[in-house]
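# Topology and contacts: notes
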Amino acid sequence: MSLRGKTAIAGLGITRMGKNYDHSNALGFAAEAISLALEDAGLKRSDLDGLLVTTGVSYRDGLASFALQDSMRLTTRLLADVNAGGSSAGTAIAIAAQAIVAGTANVVACVFGDAPLKPPVAGAKSGGAGDAYGTLRGLDSAYGAFGANWVYALLAQRHMYLYGTTQDQLGAIAVAERQWANRNPLAQFYKEPLTLEDYHNSRWIAEPLHLYDCCIVSNGGVCVIVTSAERARDLRKPPVYILGVGQGHHPGPTLENLDTGIPIAKETAFRMAGVELKDIQVAELYDCYTITVLLSLEGYGFCKKGEGGAFAAQTRLGHNGSIPINTGGGELSSYYMWGMTPVSEAIIQARGEGGERQAPKHDIVLASCQTRNLSTHSVVVMGTNP
Amino acid sequence: MAEEAKLIPHVSSELKPFFDAARNHQLAVQKCDNCGALRFPAAPMCLKCDSTRSSWVTVSGRGKIFSYTIMHRAYHPAFKAPYALAVVELDEGPKMTSNIVGIEPSKVRCGMPVQVMFDKLNEDVTLPRFRPAD
Ligand SMILES: [Zn+2]
């Protein structure tokens with residue numbers, strides 16, 4: 001049984017983003033996001049009967065479904081932590097839609113909260129964003145392979161080696177996303193332009209990745225409320241229908257031949273939605289690094305494998321009138337809420353609430369979430385008609 | 001002079017043969033007992049024949065740089081940025097994450113031939129790294 005058009009996104013809540021310490025931990029950001037989403041939808045806390053919790057690095061701070069449910073005194077018939085890394089947002093929305101169609105829940109809050117940034121402490125030597133992400137992993141850490149930067153750097157280097165992708169092309173992605181962010185008041189870099197020269201002058205993180213090839217670490221929370229299409233039509237905001245969902249998991253390592261989980265996820269979601277790539281009017285692609293965008297463009301078939309760099313530079317991610325991509329500025333320039341970054345901007349675009357950055361056509365919008373060096377994907381195709 | 005900071009990897013039972021070999025200046029990878037396919041990192045199953053029986057064998061220690069990055073931040077005092085971190089494709093096939101040493105990081109390239117060297121961290125742990133081939 002297809003889920004197409006049977007459920008819809010009725011509420012969206014986005015907290016303040018970035019270096020804000022409005023809450024001492026991720027739980028607080030998650031709770032605020034839920035409150036904002038309820039207000040957005042015109043629902044009450046007691047209307048929720050499902051809660052799916054995803055988080056970033058704050059799993060270490062104890063953000064979990066049990067803790068959030070207890071602190072909000074919710075009573076639900078669906079409760080779970082959804083942990084598929086950066087692809088969790090799309091996975092949670094799919095689980096919510098499936099539960100609603102199956103009759104096991106009616107109004108489900110899919111929430112993300114993260115608080116990797118801590119308030120500055122006088123005299124502290126470090127404690128910056130990098131520390132939270134500088135995690136150790138087995139034998140690799142003995143070689144100084146910490147966190148995620150190095151993995152994506154190796155992907156970028158390999159792509160350059162095989163296909164002649166250039167630093168300018170990676171930089172073009174960073175610049176194009178910044179131009180989108182400069183039209184997005186929610187973006188951390190709303191008021192800061194970025195030129196290709198700025199990009200080249202920014203410090204190296206893990207060559208060939210500059211600072212501006214990497215996403216911005218953010219504190220914040222995002223909540224998406226999913227309910228039946230019928231119920232959504234009676235609520236405050238125009239429904240954003242869930243037309244297709246899909247996951248794709250490739251065993252990796254992605255470095256081997258730069259293959260990803262995208263084709264499987266795309267095939268599943270597009271088949272359910274009854275759409276082809278040419279029908280997609282806005283695409284929001286996970287962009288933890290510029291190379292992630294490039295490989296996603298290839299994975300979805302926007303261009304051929306190996307041509308992502310040239311494609312991104314030529315289309316300028318939609319600034320030249322081609323299909324608008326990462327219209328909010330993405331994780332690189334707006335906010336890094338893992339999969340909730342593409343999902344939240346896709347909802348804003350589908351609703352037509354994008355203001356200065358609104359895509360002219362937005363009936364069918366793609367949100368693409370990924371993790372594990374693009375091995376794992378979740379895709380949500382949303383639309384303005386069921 | 002203060003003792004050099006070191007990051008000593010945990011020698012898991014799974015990787016003990018790898019570190020035993022390294023202590024004797026040999027590079028070891030897993031070999032499927034059924035079909036003979038080599039693999040690294042250590043894994044429970046052969047991807048060629050699905051067998052779960054394996055042993056460790058030594059290899060030449062020669063290979064090529066498959067991809068690399070120059071890390072410009074050291075997250076641990078054992079490392080001094082910039083340093084080169086690479087995936088090396090061994091002549092025998094398996095790929096290994098390691099460091100490229102004995103060369104300016106900025107001179108490292110994909111495809112560059114490399115050979116293993118052994119870095120003794122303490123009495124128990126010697127870590128294989130790679131340097132440009134002779
Ligand atoms: Zn075998």
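All of the points below concern the structure found in this document. (Residues numbered from 1 in each chain as written. Chains lettered and ligands numbered in written order. Predicted model: local features only at pLDDT ≥ 70, side-chain atom pairs only at ≥ 80, totals over all residues. Heavy atoms only, no water.)

## Considering the overall build of chain A
For chain A, the helix and strand inventory stands at 14 helices and 11 strands. Whereas a compact globule of 386 residues would reach a radius of gyration of roughly 21 Å, chain A reaches 19 Å, a difference of no more than 12%. Nonlocal contacts in chain A, meaning residues at least 24 apart in sequence, comprise 75% of its contacts between residues at least 6 apart. Distance from the positive charge centre (31 side chains) to the negative charge centre (35 side chains) of chain A: 4 Å. (Helix = DSSP H or I, 4+ residues; strand = E, 2+ residues; numbered from the N terminus. Rg over C-alpha atoms; globule rule 2.2 N^0.38 Å. Contact = heavy atoms within 4.5 Å. Lys, Arg positive; Asp, Glu negative; His and termini not counted. Charge placed at Lys NZ, Arg CZ, Asp CG, Glu CD.)

## Overview of the coordination of the zinc ion
Residues and elements named next belong to chain B. The zinc ion binds to the protein through Cys32 (SG), Cys35 (SG), Cys46 (SG) and Cys49 (SG), with metal-donor distances spanning 2.3 to 2.4 Å. The sequence pattern formed by the donor residues of the zinc ion is C-x2-C-x10-C-x2-C. Of this pair, cysteine 35 sits in the loop between strand E1 (27-32) and strand E2 (38-39) while cysteine 46 sits in the loop between E2 and strand E3 (54-59); the two residues are 11 residues apart in sequence, bridging distant segments of the chain. Residue classification places cysteine 35 among the partly exposed residues on the basis of a relative accessible area of 39%. (Donors = N, O, S within 2.8 Å, 3.2 Å for Na, K, Ca; no water. Buried < 20%, exposed > 50% of the residue type's maximum accessible area, 1.4 Å probe, protein only.)

## Some remarks on the side chain of Gln167(A)
Tracing the backbone through its elements, the reader meets Gln167(A) in helix H7 (residues 167-181). Among the residues examined, Gln167(A) registers a relative accessible area of 18% and is labelled buried.

## Things to note about the packing of H7(A) against helix H12 (residues 308-315) of chain A
In a pair of packed helices, the angle between the axes and the distance between the axes together describe the arrangement. Residues and elements named next belong to chain A. At a closest axis distance of 8 Å, the pairing of H7 and H12 adopts a crossing angle of 45°. With respect to each other, H7 and H12 are oriented oblique. For the element pair H7 and H12, the recorded crossing hand is left-handed. Contacts from Gln169, Ala172 and Ile173 in H7 reach Gly309, Ala310, Ala312 and Ala313 in H12. By residue class, the composition of the contact of H7 with H12 is five nonpolar, two polar and no charged. (Axes fitted to C-alpha atoms, helices over the stretch in contact; angles between N-to-C directions. Parallel < 35°, antiparallel > 145°, perpendicular 65-115°, else oblique. Left-handed = near helix turned anticlockwise from the far one by under 90°. Nonpolar A, V, L, I, M, F, W, Y, C, P; charged D, E, K, R; others polar.)

## Examining the interface of chain B and chain A
Each partner contributes to the interface: chain B provides 30 residues, whereas chain A provides 25 residues. Between chain B and chain A, the buried area comes to about 2,400 Å², and carbon and sulfur atoms account for 64% of it. Considering only the side of chain B, the residues that lose the most area to chain A are Phe66(B), His72(B) and Tyr75(B), jointly responsible for 24% of the buried surface there. Counting the contacts that link chain B with chain A gives one salt bridge. Salt-bridge contacts for Glu256(A) lead to Lys95(B); the nearest nitrogen and oxygen are separated by 2.7 Å. Taken together, the connections running from chain B to chain A amount to 13 residue pairs in polar contact (both at pLDDT 80 or more). Within the residue set of the side of chain B that touches chain A, elements represented by two or more residues are helix H1 (16-23), strand E4 (62-71), strand E5 (83-90), strand E6 (95-100) and strand E8 (126-132) of chain B. Looking at the side of chain B that touches chain A, the element that brings in the most residues is E4(B), giving six residues. Considered class by class, the residues forming the side of chain B that touches chain A number 19 nonpolar, eight polar and three charged. (Buried area = accessible area lost by both parts, 1.4 Å probe. Salt bridge = Lys/Arg side-chain N within 4 Å of Asp/Glu carboxyl O. Polar contact = N/O pair within 3.5 Å; in protein donor to acceptor, adjacent residues only side chain to side chain.)

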